[in-house]
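Examination of the molecular architecture
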Amino acid sequence: VAGEQRFMVLDNPSNSQFTSGLRAEDEDHRLAYSLLHAQATLLESVQRFKGILVIVCKGPMPSDALLVLGCADIVLAEETATFSFPEVRRGLVPGMVSLAAKQRLPEAACRRLMLTGEQIGTAEASQLGLVDHLVGEDW
């Protein structure tokens, strides 16, 4: 169909890090609301998309980035990609992100990563099913 978008590629070209959650001592509730609203808006957009969703992972991919991986048809990752739930180290729960992560991660691995905040690389992410294909920087 002419003019209809069939593919969406989410890429992190600057290799910048997404957020790592709010600090437990942060009392600015507007900031927390803004972050949750942004996550919900992103997730809604991705879930409504009717084409093929390809995610390209580069560099640090903390829980905000993992939010959309559960909706992806194909997840590609460069060697530099790492995956984690860093907010648990601040005493916070991954919340909404946990639902999306469970779409790709086995339950035991999901629990372990969400309880420890451990960072994993592309090899383990691939073994767990979080990543479908490993790619080079020049792919």
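To keep things clear, this report deals only with the structure shown in the data block. Every value quoted in this text rests on a predicted model; they were computed, and no experiment measured them. (Residues numbered from 1 in each chain as written. Predicted model: local features only at pLDDT ≥ 70, side-chain atom pairs only at ≥ 80, totals over all residues. Heavy atoms only, no water.)

Comments concerning helix H4 (residues 107-116)
For clarity, the threshold we go by: Partly exposed residues are those whose accessible area sits between 20% and 50% of the maximum for their type, while under 20% is buried and over 50% is exposed, using a 1.4 Å probe and protein chains only. Strands are runs of DSSP state E lasting at least 2 residues, helices are runs of H or I lasting at least 4, and numbering of each runs from the N terminus. Arc definition: it is the arc formed by the directions from the helix axis to the C-beta atoms.
Among the residues making up H4, those that are buried are Ala 109, Cys 110, Leu 113 and Met 114. All buried residues of H4 fall inside an arc of 120 degrees around its axis, so they share one side. Those residues of H4 that are exposed and aimed more than 90 degrees away from the buried face are Glu 107 and Leu 115.

Some details on the sheet that holds strand S6 (residues 120-121)
The condition that has to hold: Pairing between two strands is assigned when DSSP locates at least 2 bridges connecting them.
Spatial strand order, S3-S5-S6: 3 strands in an open sheet with mixed pairing. Looking at which strands have only one partner, the edges of the open sheet turn out to be strand S3 (60-61) and S6.

Some thoughts on the nonpolar core
Condition: By nonpolar core is meant a set of buried Ala, Val, Leu, Ile, Met, Phe, Trp, Tyr and Cys residues that side-chain atoms within 4.5 Å join together. Note on contacts: a residue pair qualifies if any of its non-hydrogen atoms lie within 4.5 Å across the two residues.
Counting residues in each nonpolar core, the largest one holds 31 residues, and the members touching the most others are Ile 55, Cys 57, Leu 69, Phe 83, Phe 85 and Leu 105. Those elements that provide at least two residues to this core are helix H1 (29-48), strand S2 (52-57), helix H2 (63-69), strand S4 (74-78), helix H3 (96-101), H4 and helix H5 (122-128). With residues up to four places along the chain from it excluded, the contact list for Leu 69 reads Ile 55, Cys 57, Val 75, Phe 83, Arg 104 and Leu 130.

Some remarks on the pairing of S4
Within S4, 4 of the 5 residues are buried, which leaves it mostly tucked inside the rest of the structure. By the bridge criterion, 4 bridges tie S2 to S4 in an arrangement that is parallel. Each residue of the ladder has a partner; that of Cys 57, found in S4, is Ala 77. In this sheet, strand S7 (residues 133-135) lies alongside S4 in parallel orientation, the contact comprising 3 bridges. The residue bridging Leu 76 from the neighbouring strand is His 133, located in S7.

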